[in-house]
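Structural characterization, general
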Amino acid sequence: MVIKKSTETRSTYENVEARCPYCSYWNIYNRASDIKNFKLLIEKIVVCQSSSCNFKFLIEKDLINPAWQMLILDCEVLKQRKQYSYCILNLTQSFEMYFALFLRVELLYKPFGIEKSYNENLLNKISDLLFESTRKWPFYLLRNTFINFITNKIKSNGLEQSNSIILDLKLYSSEPTNEAIKSIEDNKLSDLILRLKNTQVNILRNRIIHKYGYRPTVEEVESSKDETEQILFGIDYCLGVLNERRYLYE
Ligand SMILES: [Zn+2]
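Notes on the structure in this doc start here. Just so we're clear, the structure is a prediction, and the values are computed from it rather than from any experiment.

1. Some points on the sheet that holds strand β1 (residues 9–11)
The strand order across the open sheet formed by 3 strands is β1-β2-β3, and the pairing between neighbours is antiparallel. Two strands close off the open sheet at either side, each with one partner strand: β1 and β3 (26–30). Recorded for the sheet is a direction-independent mean angle of 15 degrees between the axes of neighbouring strands. When strand β2 (residues 15–19) meets β3, the two strands line up antiparallel, connected through 5 bridges.

Next comes the structure, spelled out in structure tokens:
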């Protein structure tokens, strides 16, 4: 018997969803709990979750953009369901994930590639150090550090230097001046970084999650989503598209 394939699928940051070609049941497979890995699904055979069906079928297409992009893409579904608070949480988290990705690329993967000694133990040790150093950082410290790395052209030429930079990472977290941002040679990047410095999405997020329990409007969601997309996709384009998959063996 030929296994049918699903013709209707949806990929999100946490789930892969697919309509069963036999019974039309809409299945939701969680990447962490059901699929048990975060890799791109190619030609994956799954079992329909409807207890009256349980047929096997094929999921042909999956989509995994970098995590920060998936969080923005997921907003569309959340918006349709009018879950506006979650949209704002996703958008703010996409910024934070982008800053963290940038630091991993600049302090781990690029120096690791330069050294060519491929000392994976050292890479893992410094990766843990970076994680521990920034684990409790609020949005604005990550944002400041990201901006200061760009305005000061901070580059690491090896993992030992990354180690020193990370031990002093707090030194890079002071608020950048507008003058420093305007001195970035790439005018497009400079304008985007200035917008990043002024974004209020994190403040809106704080009003939602703290005791005020603020509930945002659709207008706030739409303007925050537009702003996030323009800033992050724009900056990512200027920086040469950061993609962790390029540096990791999967
Ligand atoms: Zn089914």
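2. Some words on the packing of helix α3 (residues 84–115) against helix α9 (residues 201–209)
Two numbers describe how α3 lies on α9: the axes approach to 9 Å, and their chain directions differ by 135 degrees. Here α9 runs oblique to α3, going by the angle between their axes. The chirality of how α3 crosses α9 is left-handed. Where α3 abuts α9, its residues S85, I88, L89, L91, T92 and F95 lie against V201, N202, L204, R205 and I208.

3. Some points on the pairing of β2
Only one face of β2 is buried, namely the one carrying V16 and A18, since none of N15, E17 and R19 on the opposite face is buried. Alignment of β1 against β2, held across 3 bridges, turns out to be antiparallel. Each residue of the ladder has a partner; that of S11, found in β2, is V16. Counting the residues in the hairpin turn of β1 and β2 gives 3 residues. Connecting the antiparallel pair β2 and β3 is a turn made up of 6 residues, with S24 showing a positive phi of about 70 degrees.

4. A word on unusual backbone geometry
You will see that K116, though not glycine, has its phi angle at about 60 degrees, which is positive. Mapped onto the elements, K116 comes out in the loop between α3 and α4 (120–134). Residue class for K116 comes out exposed when judged on the 7 C-beta atoms lying within 10 Å of it. The residue K153 is not glycine, and still its phi comes out positive at about 50 degrees. When you line up the elements, K153 lands in the loop between α5 (139–151) and α6 (159–167).

What counts and what doesn't
- Residues numbered from 1 in each chain as written.
- Predicted model: local features only at pLDDT ≥ 70, side-chain atom pairs only at ≥ 80, totals over all residues.
- Pairing = 2+ DSSP bridges.
- Helix = DSSP H or I, 4+ residues; strand = E, 2+ residues; numbered from the N terminus.
- Axes fitted to C-alpha atoms, helices over the stretch in contact; angles between N-to-C directions.
- Parallel < 35°, antiparallel > 145°, perpendicular 65-115°, else oblique.
- Left-handed = near helix turned anticlockwise from the far one by under 90°.
- Contact = placed C-beta atoms within 7 Å.
- Buried ≥ 20, exposed ≤ 12 C-beta atoms within 10 Å, placed from the backbone.

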